[in-house]
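Summary of the model geometry
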Amino acid sequence: MLHGSSGKSANSVGDSSTRSGPYFDLSASKNVTALVGKTTYLNCRVKNVENKTVTLQVSWIRHRDTHLLTVGRYTYTNDQRFRVVHNEHTNDWTLQIKYPQIRDSGCYECQVSTASPISHIVFLDVIEPKTKILGAPDLFINRGSTINLTCIVWQSPEPPAYIFWNHNDAIISYDSIRGGVSVVTEKGDSTTSFLLVQEAKLSDSGRYTCNPSNAQAQSITVHVLNGEWFLLNCKPLGSLCRLVIEP
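The notes below deal with the structure included here. (Residues numbered from 1 in each chain as written. Predicted model: local features only at pLDDT ≥ 70, side-chain atom pairs only at ≥ 80, totals over all residues. Heavy atoms only, no water.)

1. A word on the sheet that holds strand β8 (residues 82-85)
Across the sheet, four strands lie side by side as β2-β4-β9-β8; this open sheet has antiparallel pairing. For this open sheet the edge positions go to β2 (23-24) and β8, each flanked by a neighbour on one side alone. Where strand β4 (residues 40-47) lies against strand β9 (residues 92-97), six bridges are found, and the strand directions are antiparallel. What sits directly across from R45, in β9, is D92. (Pairing = 2+ DSSP bridges. Helix = DSSP H or I, 4+ residues; strand = E, 2+ residues; numbered from the N terminus.)

Rendered as structure tokens:
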């Protein structure tokens, strides 16, 4: 019988050699941070679950709606994104979630059907990395100046494996015959990519897109102006400011 969150919690504290009943190995049953759309796995390692006289079942329950997801090797939900992964003679009962969404975040209970059910909670945090180009949506610069674009990727469990820059949908080549194009990327809790295009030409105008490997792309439109253009003034418009450019 499933008791949801009312089951008793059993952990790995103490000498395992003295245990006769099932218990959870918390070192292998940790909380998980996952990316939106990328298959993730919640692991539950149960020791001493095999019993010669009683067949014990390991189940997964979603706390948000107390929905029974799996019992043993069987799936009890119509949502085909969920299934249990268990190799015979191992202690791991892993809940696989394909294409996780933000709404899948929350507590998942791994429960063992002992006389008084024991359970362990695994928390899933599904996040979607954010991308931003400073100064978007438009950047105005004079011909001959340096185009300096800054793209920031944050709220990601790990830095993006790569960041591509596009100009009008074509990937920018840093060793093209044009020359003067370089990229510097700094990785950390947030990742910043700097695109530098020296001696801007009129042909450098257009849409520049920052494409991280693990986040949505973002774009900015660069306007390279002839020398005879200048900024006339900045007129208040409510709480905004309208740029007026005249020849």
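2. Notes on a nonpolar patch on the surface
Together, Y162, F164 and I171 line one region of the surface with nonpolar side chains, adding up to about 320 Å² of accessible area. Residue placement: F164 occurs in strand β15 (residues 163-167). (Patch = residues over 30% accessible without salt bridge, like charges linked within 9 Å, V, L, I, M, F, W, Y side chains within 5 Å. Areas by Shrake-Rupley, 256 points an atom, 1.4 Å probe, with all protein chains shown as cover. Salt bridge = Lys/Arg side-chain N within 4 Å of Asp/Glu carboxyl O.)

3. Some remarks on the state of the cysteines
Per the counting criterion, the structure on display carries two disulfides. The residue that forms a disulfide with C44 is C110, at a sulfur-sulfur distance of 2.0 Å. Residues C44 and C110 share a disulfide whose torsion about the S-S bond is about -80 degrees; that sign makes it left-handed. Here C44 is found in strand β4, whereas its partner C110 is found in strand β10 (residues 106-112), with 66 residues between them in sequence. The pair C44 / C110 is uniform in exposure class, with both members buried. The disulfide partner of C151 is C210, and the gap between their sulfur atoms is 2.0 Å. In this structure the cystine formed by C151 and C210 twists about its S-S bond by roughly -80 degrees; its chirality is therefore left-handed. In this pair, C151 sits in strand β14 (residues 147-154) while C210 sits in strand β19 (residues 206-212), placing the two residues 59 residues apart along the sequence. Judged by its relative accessible area of 0%, C151 is buried. What makes C210 buried here is its relative accessible area of 0%. (Disulfide = S-S within 2.5 Å. Buried < 20%, exposed > 50% of the residue type's maximum accessible area, 1.4 Å probe, protein only.)

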